[in-house]
Amino acid sequence: MEKILVIGAFGQLGSELTDELRKKFGETNVVASDLRSDHPKASEGIFEQLDVTDAGRLAEIVEKYEITQIYHLAALLSSVGEGNPQLAWRINMDGLVNVLEIAREKKLNKIYWPSSIAVFGPDSPKQHTPQFTVMNPTTIYGISKLAGEQLCAYYHAKFGVDVRSIRYPGLIGWKSMPGGGTTDYAVDIYHKAVEGENYSCFLNEGTALPMMYMDDAIRGTLELMDAPAEQIKVRTSYNFSGISFAPEEILASIQKTIPEFNMSYAPDHRQQIAESWPQSIDDSKAHEDWGWKPEFDLDRMSEDIITNLKKNLVEAF
Ligand code: AKB
């Protein structure tokens, strides 16, 4: 039986992935860990407080629970990373090194570590950005993810660590909030719409970015982790595509259900980050190697999110 450690379990992705892993592997076989111990989810199952830059504490938890797989999700994202590049580098790189080292030492079965479309930069092709192309990221987050991808490929080639990775686009879900990314507007906007307010968007009209509904992202991640090792041909990180849209397109999609909703534009420093990234992604390698196929388009995602957020709002009263 696999024993799984999730690092960064209270983040936007971590909180939903931990729930799915518990459904799949059983409550007692999934240990949630996070820097914060005062989160409501800390009481939902086995929890350990962990700062992933602390290699000793990580080893202690791996030994205590006889961990066989790690999902290492803790990172500083693109926008907050620019506010403190030194800290972003330390958390993003030292954390990954610690996880790969414990995987090597303890011969863990599998590691999952997310990369991002932020590995691409202004020199990369903007449309259908290929798996293998010019990268040159310009954010510290993107630079740390690109270095991390190479480190994963190195640990796989040199030490046989079965580490797998996906380059996520902006992830959009209704159960958990993102923190510190450039694509966060596409989550915030639904909350404002359902609460009957208008939205001030920090990206400009016409700024198309690759995005994905959380349900697709979780399913794809688990499919990658279930695939036989010999099918995983890309050991840096897989391009992964769902939907691509600009702010005015998500507005139009929301207006189909909430016609009175409106949005204004007040671009800030995140505009420059968004402009350095691809607008759409070619994920044919993920499709060929392990059968990846997204299910949600923009309107289906909007309907699902709005229905669930409205239900939450009613239940809260
Ligand atoms: C961010 O905006 O920083 C993240 C990402 C695309 O990796 N959501």
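Residues numbered from 1 in each chain as written. Predicted model: local features only at pLDDT ≥ 70, side-chain atom pairs only at ≥ 80, totals over all residues. Heavy atoms only, no water.

Another aspect to go through is the layout of surface pockets. Here the largest pocket is characterised by a volume of approximately 920 Å³. The wall of the largest pocket is formed by 42 residues, among which Leu73, Ala74, Ala75, Leu77 and Gly179 lie closest to the centre. Among the secondary structure elements, those contributing two or more residues to the lining of the largest pocket are α1 (12-25), β2 (30-34), α3 (78-83), α4 (85-106), β6 (115-116), α5 (140-159) and β9 (170-172). It is α1 that contributes the most residues to the lining of the largest pocket, three residues altogether. Taken together, the residues of the lining of the largest pocket break down into 22 nonpolar, 14 polar and six charged. Each of two domains, domain 1 (4-169 + 212-239) and domain 2 (172-211 + 244-279 + 297-316), supplies a minimum of three residues to the lining of the largest pocket. Looking at the second largest pocket, its volume works out to about 160 Å³. (1 Å grid on protein atoms, 1.4 Å probe; cavity = no way out; pocket = protein on both sides within 12 Å on 5 of 7 lines; lining within 4 Å. Points joined across faces, edges and corners; volume = space filled by probe spheres on them. Helix = DSSP H or I, 4+ residues; strand = E, 2+ residues; numbered from the N terminus. Nonpolar A, V, L, I, M, F, W, Y, C, P; charged D, E, K, R; others polar. Domains from an automatic or database assignment.)

All right, on to the packing of aromatic side chains then. Under the defined criterion, the tally for this structure stands at 13 aromatic pairs. Relative to tyrosine 112, the ring of tyrosine 71 lies with its centre 5.7 Å away and its plane at 40 degrees, an arrangement referred to as tilted. Residue tyrosine 71 is located in strand β4 (residues 69-72), and its partner tyrosine 112 is located in strand β5 (residues 110-112); the two are separated by 41 residues in the primary sequence. Like tyrosine 112, tyrosine 71 is buried. (Phe/Tyr/Trp six-rings, centres within 6.5 Å; stacked < 30°, edge-to-face > 60°. Buried < 20%, exposed > 50% of the residue type's maximum accessible area, 1.4 Å probe, protein only.)

The ligand sits among Leu77, Ser78, Ser116, Ile117, Tyr141, Gly181, Thr182, Thr183 and Trp277. A distance of 2.5 Å is found between an oxygen atom of the ligand and a side-chain nitrogen or oxygen belonging to serine 78. For the ligand, whose free accessible area comes to 250 Å², the fraction covered by protein is 94%. Using a 2 Å cut-off from the grid points, one finds that the ligand occupies the largest pocket. Among the residues forming the shell around the ligand, the class breakdown is four nonpolar, five polar and no charged. In terms of domain composition, the shell around the ligand takes at least three residues from each of domain 1 (4-169 + 212-239) and domain 2 (172-211 + 244-279 + 297-316). (Near = heavy atom within 4 Å. Polar contact = N/O pair within 3.5 Å; in protein donor to acceptor, adjacent residues only side chain to side chain. Areas by Shrake-Rupley, 256 points an atom, 1.4 Å probe, with all protein chains shown as cover. Sits in = over half its atoms within 2 Å of the grid points.)

Inspection of the secondary structure assignment puts asparagine 98 in helix α4. Accessibility expressed as a relative area gives 14% for asparagine 98, which makes it buried. Discounting chain neighbours no more than four positions away, the residues touching asparagine 98 are Val52, Thr53, Asp54, Ala55 and Leu58. (Contact = heavy atoms within 4.5 Å.)

So, about the domain arrangement of the protein chain. The assigned domain composition of the protein chain is domain 1 (4-169 + 212-239) and domain 2 (172-211 + 244-279 + 297-316). For domain 1 and domain 2, the distance between their C-alpha centroids amounts to 25 Å. In this complex, domain 1 contributes 23 residues to the contact, which on the side of domain 2 involves 25 residues. Each partner contributes to the roughly 2100 Å² buried at the junction of domain 1 and domain 2, and carbon and sulfur atoms together form 55% of this total. Considering only the side of domain 1, the residues that lose the most area to domain 2 are Gln12, Lys126 and Tyr213, jointly responsible for 31% of the buried surface there. Connecting domain 1 to domain 2 are zero salt bridges. Seen at the junction of domain 1 and domain 2, the total is 14 residue pairs in polar contact (both at pLDDT 80 or more). (Buried area = accessible area lost by both parts, 1.4 Å probe. Salt bridge = Lys/Arg side-chain N within 4 Å of Asp/Glu carboxyl O.)

Take isoleucine 254: it is sitting in helix α8 (residues 247-255). For the pair isoleucine 254 and arginine 36, spaced 218 residues apart in sequence, the C-alpha separation works out to 34 Å.

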